[in-house]
Amino acid sequence: MDLGTLGGNPAANSQVKSATRTLDIIEYVVAAGRPLVAQEIATALGIPVSSLSYLLSTLVERQYLVREGRRYSAGPGLAKLQTSSAGFTLADRVAPLVRTLRVQLDETTSFFVRDGWEIEAIVTESSEQALRYSVPQGRRLPMHALAAGKALLAALAPEEIDRYFAESERRRFSEATIIDEAPLRRQLNEARRTGFAMTDEEFSLGIVGIARLVTIGGIPVGSMSVAVPKVRFDDDLHARVADLLDRAADLLEGS
């Protein structure tokens, strides 16, 4: 960010003000050493109650504060900030990037891991648009019908892929679902060539999925995907999603 342009940008100034207030709230609650009600915080820091309510809700959601009744105190999320990188789970590491992609695109973004011949979303952030797709977190889903699953399938060794086709049951969820081996193999080859896997109404009618494999230390650990209602999906959005997925995967791969 160019600090020289920040001062003339009202939106940027507002973001900085919110960030400053957020840090002030954390510091004040921790220093108080006792649970505080919202009015105490608002009075001490000069923050309008309307703005404070949103900031407190966000801090509670992220576990930097905990709320008991009307009172707020320091939460377990603060201790996690001092944890070494070895203490963070994969979900901890991917969550900020999933959240950032959702904010930048305002489309549902998720991170999936493989569980046998199925996948599971360990982190998901739903779009805030009226027309959106929600991914069920923690539910096991079929690899063949979701972009995230195809991305993980494409990363398997040839003998593992052969075993997948021999052992998996590939259910048809719509007329577009690809269940036959030959066309599905062609999709996997395309995913290896481009770096992205896609689905077009294969699992849910009206939904397009695009996913990118994520590796850490050269080992595939999961795939990050974006689900978009087809009525909003065009070439420009496709290119933007692909670019942001690439950037997020690169950040994880370099971590």
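Quick note: structure is the one above.
So, here is what we can say about the structure in this document.

How each quantity is defined
- Residues numbered from 1 in each chain as written.
- Predicted model: local features only at pLDDT ≥ 70, side-chain atom pairs only at ≥ 80, totals over all residues.
- Heavy atoms only, no water.
- Helix = DSSP H or I, 4+ residues; strand = E, 2+ residues; numbered from the N terminus.
- Buried < 20%, exposed > 50% of the residue type's maximum accessible area, 1.4 Å probe, protein only.
- Contact = heavy atoms within 4.5 Å.
- Lys, Arg positive; Asp, Glu negative; His and termini not counted.
- Charge placed at Lys NZ, Arg CZ, Asp CG, Glu CD.
- Core = buried A, V, L, I, M, F, W, Y, C linked by side-chain atoms within 4.5 Å.
- Axes fitted to C-alpha atoms, helices over the stretch in contact; angles between N-to-C directions.
- Parallel < 35°, antiparallel > 145°, perpendicular 65-115°, else oblique.
- Left-handed = near helix turned anticlockwise from the far one by under 90°.
- Pairing = 2+ DSSP bridges.
- 1 Å grid on protein atoms, 1.4 Å probe; cavity = no way out; pocket = protein on both sides within 12 Å on 5 of 7 lines; lining within 4 Å.
- Points joined across faces, edges and corners; volume = space filled by probe spheres on them.
- Salt bridge = Lys/Arg side-chain N within 4 Å of Asp/Glu carboxyl O.
- Nonpolar A, V, L, I, M, F, W, Y, C, P; charged D, E, K, R; others polar.

Concerning the overall build of the chain
Then, number 1: Helix and strand counts for the chain stand at 10 helices and 9 strands.
Then, number 2: Overall, the chain is about 65 × 40 × 35 Å in size when its C-alpha atoms are taken along their principal axes.
Then, number 3: Residues counted as buried form 41% of the 255 residues belonging to the chain.
Then, number 4: Taking as baseline every contact in the chain between residues at least 6 positions apart, the subset at least 24 positions apart corresponds to 55%.
Then, number 5: In the chain, 29 positive and 33 negative side-chain charges are present, and the distance between their average locations comes to 5 Å.

Describing the nonpolar core
Then, number 1: Phe112, Ile119, Met143, Leu146 and Tyr164 are the most contacted members of the largest nonpolar core, which totals 29 residues.
Then, number 2: When residues of this core are traced back to their parent elements, those giving at least two are β5 (118-125), α7 (147-154), α8 (158-167), α9 (181-194) and β8 (207-216).
Then, number 3: In this structure Ile119 touches Phe112, Val113, Arg114, Arg139, Arg140, Leu141, Pro142, Met143, Leu146, Ala148, Gly149 and Leu152, once residues within four positions along its chain are discounted.
Then, number 4: If you look at the next biggest cluster of nonpolar residues, it comprises 26 residues, including Leu97, Val208, Ala242 and Ala248.

Quick word on the packing of helix α6 (residues 90-105) against helix α10 (residues 235-253)
Then, number 1: In contact at an axis separation of 11 Å, α6 and α10 are set at 160° when each is read in the N-to-C sense. Considering their axes alone, α6 and α10 lie roughly antiparallel with respect to each other. Seen from above, α6 lies across α10 with right-handed handedness. Counting all contacts with α6, which are made through Arg93, Val94, Leu97, Leu101, Gln104 and Leu105, the residues of α10 involved are Leu237, Arg240, Val241, Leu244, Leu245, Ala248, Leu251 and Leu252.

Quick word on the sheet that holds strand β7 (residues 196-200)
Then, number 1: Pairing is antiparallel across the open sheet formed by 6 strands, whose spatial order is β6-β5-β4-β9-β8-β7. Each having just a single partner strand, β6 (140-142) and β7 make up the two edges of the open sheet. Adjacent strand axes in the sheet meet at a mean angle of 35° when their direction is disregarded.
Then, number 2: In this sheet, β8 lies alongside β7 in antiparallel orientation, the contact comprising 5 bridges. Within β8, the position partnered with Thr199 by the bridge is Gly209.

A look at empty space enclosed by the protein
Empty space among the atoms becomes apparent when a probe as large as a water molecule is rolled across them.
Then, number 1: Throughout the structure, instances matching the rule amount to 1 cavity of 30 Å³ or more.
Then, number 2: By volume, the largest cavity is sized at about 180 Å³.
Then, number 3: The wall of the largest cavity is formed by 19 residues, among which Tyr133, Leu146, Thr199, Gly209 and Ala227 lie closest to the centre.
Then, number 4: Looking at the lining of the largest cavity, the elements with two or more residues in it are β4 (108-115), α7, β8 and β9 (219-229).

Topic: the pattern of salt bridges
Then, number 1: All told, the structure shown has 20 salt bridges when counted by the stated rule.
Then, number 2: Across the pair Glu125 and Arg102 runs a salt bridge, and its minimum N-O distance is 3.7 Å. Taken together, the positions of Glu125 in strand β5 and Arg102 in helix α6 put the pair 23 residues apart, joining distant regions of the chain.
Then, number 3: Look at Arg102 and you get buried, because its relative accessible area is 12%.
Then, number 4: Among the charged side chains, a salt-bridge network with shared partners connects Arg99, Arg102, Glu125 and Glu128.

Here we look at the sheet that holds strand β2 (residues 65-68)
Then, number 1: With antiparallel pairing, the 3 strands of this open sheet are ordered in space as β1-β3-β2. In the strand order of this sheet, the two ends are held by β1 (36-37) and β2, each with one partner.
Then, number 2: Strands in contact with helix α4 (residues 49-61) are β2 and β3 (71-74); relative to β2, the strand with the most contacts, it is inclined by about 105°.

Regarding the layout of surface pockets
Then, number 1: If you add up the space inside the largest pocket, you get close to 700 Å³.
Then, number 2: Of all the elements in the fold, those that place two or more residues in the lining of the largest pocket are α2 (10-32), α4 and α6.
Then, number 3: The class makeup of the residues in the lining of the largest pocket is 7 nonpolar, 5 polar and 6 charged.
Then, number 4: Space inside the second largest pocket adds up to approximately 470 Å³.
Then, number 5: Those elements that provide at least two residues to the lining of the second largest pocket are α5 (76-80), α6 and β5.
Then, number 6: When its residues are assigned to classes, the lining of the second largest pocket shows 8 nonpolar, 4 polar and 6 charged.

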